[in-house]
Amino acid sequence: MNKNTEEVILDTAQSIVQEFGFNGFSYAHIAKKVGIRTSSIHYYFPNKEDLGEALIERYYNNFLASIAQIDAEINDNIEKLQKFIQLYSGPVKEYCTCMGVMLATDLASLSGQTLDGIAKLFTSNLDWLRRVLDEGRSEGQLNFTGSSETVAHQFLASLQGAQLLARSFRDQNRFNLIAEGLIAALI
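What comes next is a walk through the structure. (Residues numbered from 1 in each chain as written. Predicted model: local features only at pLDDT ≥ 70, side-chain atom pairs only at ≥ 80, totals over all residues. Heavy atoms only, no water.)

**With respect to the state of the cysteines**
The tally for this structure, following the rule as stated, stands at 0 disulfides. Looking at Cys96, it has no disulfide partner, and the nearest cysteine sulfur is the one in Cys98, 11 Å off. The class of Cys96 is buried, set by a relative accessible area of 6%. The class for Cys98 is buried, based on a relative accessible area of 5%. (Disulfide = S-S within 2.5 Å. Buried < 20%, exposed > 50% of the residue type's maximum accessible area, 1.4 Å probe, protein only.)

**Considerations on the environment of Ser158**
Turning to its location among the elements, Ser158 is positioned in helix α8 (residues 148–169). With 20 residues separating them along the chain, Ser158 and Ile178 place their C-alpha atoms 7.2 Å apart. The contacts of Ser158, once residues within four sequence positions are left out, are Ile178 and Leu182. (Helix = DSSP H or I, 4+ residues; strand = E, 2+ residues; numbered from the N terminus. Contact = heavy atoms within 4.5 Å.)

**Re the environment of Glu49**
Note on placement: Glu49 falls in helix α4 (residues 48–73). Sequence separation between Glu49 and Met102 is 53 residues; the distance between their C-alpha atoms is 15 Å. Here Glu49 is in contact with Ser111 and Thr114, once residues within four sequence places are set aside.

**Regarding the pattern of salt bridges**
Under the defined criterion, the tally for this structure stands at 8 salt bridges. Put simply, Arg131 and Asp71 hold a salt bridge, and the shortest N to O gap is 2.5 Å. With Arg131 in helix α7 (residues 112–138) and Asp71 in helix α4, this pair connects stretches of sequence that are 60 residues apart. Arg130 is the salt-bridge partner of Asp127, the closest N and O atoms lying 2.4 Å from each other. Of this pair, Asp127 and Arg130 both sit in helix α7, 3 residues apart, roughly one helical turn. (Salt bridge = Lys/Arg side-chain N within 4 Å of Asp/Glu carboxyl O.)

**Focus on unusual backbone geometry**
Within the chain, Tyr95 stands out as a residue other than glycine whose phi angle is a positive 55 degrees. When you line up the elements, Tyr95 lands in the loop between α5 (77–89) and α6 (99–104). Classification of Tyr95 by relative accessible area gives partly exposed; the value is 21%.

**What to know about the packing of α5 against α7**
Two elements in contact, α5 and α7, have axes separated by 9 Å at closest approach and are oriented at 155 degrees. Looking at the two axes, α5 sits roughly antiparallel to α7. For the pair α5 and α7, the sense of crossing is left-handed. Within the contact between the two elements, α5 uses Asn77, Lys80, Leu81, Phe84 and Tyr88 and α7 uses Asn125, Trp128, Leu129, Arg131, Val132, Leu133, Glu135 and Gly136. For the contact of α5 with α7, the residue count by class is 7 nonpolar, 3 polar and 3 charged. (Axes fitted to C-alpha atoms, helices over the stretch in contact; angles between N-to-C directions. Parallel < 35°, antiparallel > 145°, perpendicular 65-115°, else oblique. Left-handed = near helix turned anticlockwise from the far one by under 90°. Nonpolar A, V, L, I, M, F, W, Y, C, P; charged D, E, K, R; others polar.)

Structure below.
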């Protein structure tokens, strides 16, 4: 294995969460998929709450790296939004949703740190969107009414809902239809 055991456990847990939710698996499911004993998982993550915290922290850090890359490589704000949409389209290809959405559906059973991590993830999404929307409007690329905060919330909620519709219908085109409409409404 090129990846270390902890990363393989996190990768496996993330794919399971994105398909079944946080309450839809046990360490036995991960152990079976990875080919290790559950005690090996407990070595890295003593309990499921520790695993949840590690999952959301890693997902958050990966998101920050992704938007930093978008900012570094792209100047056009419309193209930035299109790249952001691509981040959300990834799970749709496997008829899953982003981990943030799936964890949010299990809020009542998650630990405080995991809940804080979900809020931090969504806040960073909204802050980035708001900044790109503001820049796009001030540069004359984007044309929308109302506050960038409201539009950022609508944009994010639409992408999350689009993931759910695509998954429910097992039809990626449902996601694409909504994503295209989001961009069209801003230009």
